[in-house]
Amino acid sequence: ARAEAQQFAAAHPDGIVVTEAAILIETGSYKDFDRLIVAVCTPQQQIERALARGGLTRSEVLERMNRQLPIVEKRTYADFVVDTSGTEEYTGEQARAIYAQLRSLVQ
């Protein structure tokens, strides 16, 4: 993914590359990026969404969550925070606002 992002950046110097990864902060990889967007929701929503994706039991989901930094702590690393606990429309509004801010940085 990193090589693809570098190729894109070389071809599109005014472009924006977005990488989705759950544990960028925990691994220190967040330092490799210019900006960090953290998506947040309630712990119950995290559990429900993980279970809906399938493949994990409730105890496995809880184990994963316990290995990650708490959302409150992750927020301190964020350049932008998207609250995904509401409607899709609200999440979209926040994403569009962040995109506009990012575009203003590269133009």
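Calculation notes
Per chain, residue numbering runs from 1 following the sequence as it is written. Under the rules for a predicted model, residues below a pLDDT of 70 receive no local features and side-chain atom pairs below 80 are neither given nor counted, while totals for whole chains, interfaces and linings still include all residues. Based on all heavy atoms of the structure, the side-chain values leave hydrogens and waters out of the count. Here a helix means four or more residues in a row that DSSP labels H or I, a strand means two or more in a row labelled E, and each is numbered from the N terminus. Throughout, exposure labels follow a simple rule: accessible area from a 1.4 Å probe, protein chains only, divided by the maximum for the residue type, with under 20% read as buried, over 50% as exposed, and the rest as partly exposed. By the convention used here, residues are in contact when the closest approach between their heavy atoms is within 4.5 Å. Surface accessibility in these figures is a Shrake-Rupley result with a 1.4 Å probe; residues are shielded only by whichever protein chains are displayed. Here, nonpolar core means buried Ala, Val, Leu, Ile, Met, Phe, Trp, Tyr and Cys residues that are tied together by side-chain atoms lying within 4.5 Å of each other. Patches here are clusters of residues that have more than 30% relative accessible area and form no salt bridge, with a 9 Å joining cutoff for like charges and a 5 Å cutoff for nonpolar side chains (Val, Leu, Ile, Met, Phe, Trp, Tyr). Salt bridge, as used here, is a side-chain nitrogen of Lys or Arg placed within 4 Å of a carboxyl oxygen of Asp or Glu. The convention is simple: Lys and Arg are positive, Asp and Glu are negative, and His and the chain ends are not counted. Here the site of a charge means atom NZ of a Lys, CZ of an Arg, CG of an Asp or CD of a Glu. Here pLDDT means the predictor's own confidence in every residue, given as a number from 0 to 100. Any two strands with at least two DSSP bridges between them are considered paired.

What follows is about the overall build of the chain. From N to C terminus, the chain includes 6 helices and 2 strands. In the chain, the succession of α and β elements from N to C terminus is α-α-β-α-α-α-β-α. Summarising its shape, the C-alpha atoms of the chain cover approximately 45 × 30 × 25 Å along the three principal directions. Here the chain, with 107 residues, has 20% of them falling under the buried criterion. For the chain, long-range pairs separated by at least 24 residues make up 58% of all intrachain contacts whose partners lie at least 6 apart in sequence. Accessible surface computed for the chain: about 7,800 Å², of which carbon and sulfur atoms make up 52%.

With that settled, consider the side chain of Thr84. Examined against the element boundaries, Thr84 turns out to sit in the loop between β2 (80–83) and α6 (88–106). With residues near it in sequence (within four places) discarded, Thr84 still touches Ala39, Val40, Cys41, Arg49 and Thr91.

Nonpolar side chains in soluble globular proteins tend to end up buried together. Judged by nonpolar contacts, Leu24, Ile25, Leu36, Val38, Val40 and Ala78 together constitute the single largest core of 6 residues. At the level of secondary structure, the elements contributing two or more residues to this core comprise α2 (24–27) and β1 (37–40). The contacts of Ile25, once residues within four sequence positions are left out, are Tyr30, Leu36, Val38, Leu69, Lys74 and Tyr77.

Here the focus is a positive patch on the surface. There is a patch of like positive charges on the surface, built from Arg49, Arg53, Arg64 and Arg67. Of all elements in the fold, only α3 (43–53) and α4 (58–67) reach the threshold of two or more residues within the positive patch.

As a further point, take the confidence of the model for the chain. Regions with low pLDDT carry predicted coordinates that are not meant to be interpreted in detail. The predicted model of the chain averages 94 in pLDDT, with 100% of residues at 70 or higher. The lowest-confidence element of the chain is helix α1 (residues 2–11), averaging 89 in pLDDT; the highest-confidence one is β2, averaging 97.

On to the pairing of β1, then. Taking every second residue as pointing to the same face, the buried face of β1 carries Val38 and Val40, while none of Ile37 and Ala39 on the other face is buried. Pairing between β1 and β2: 4 bridges, direction parallel. Within the sheet, the bridge partner assigned to Ile37 lies in β2 and is Phe80.

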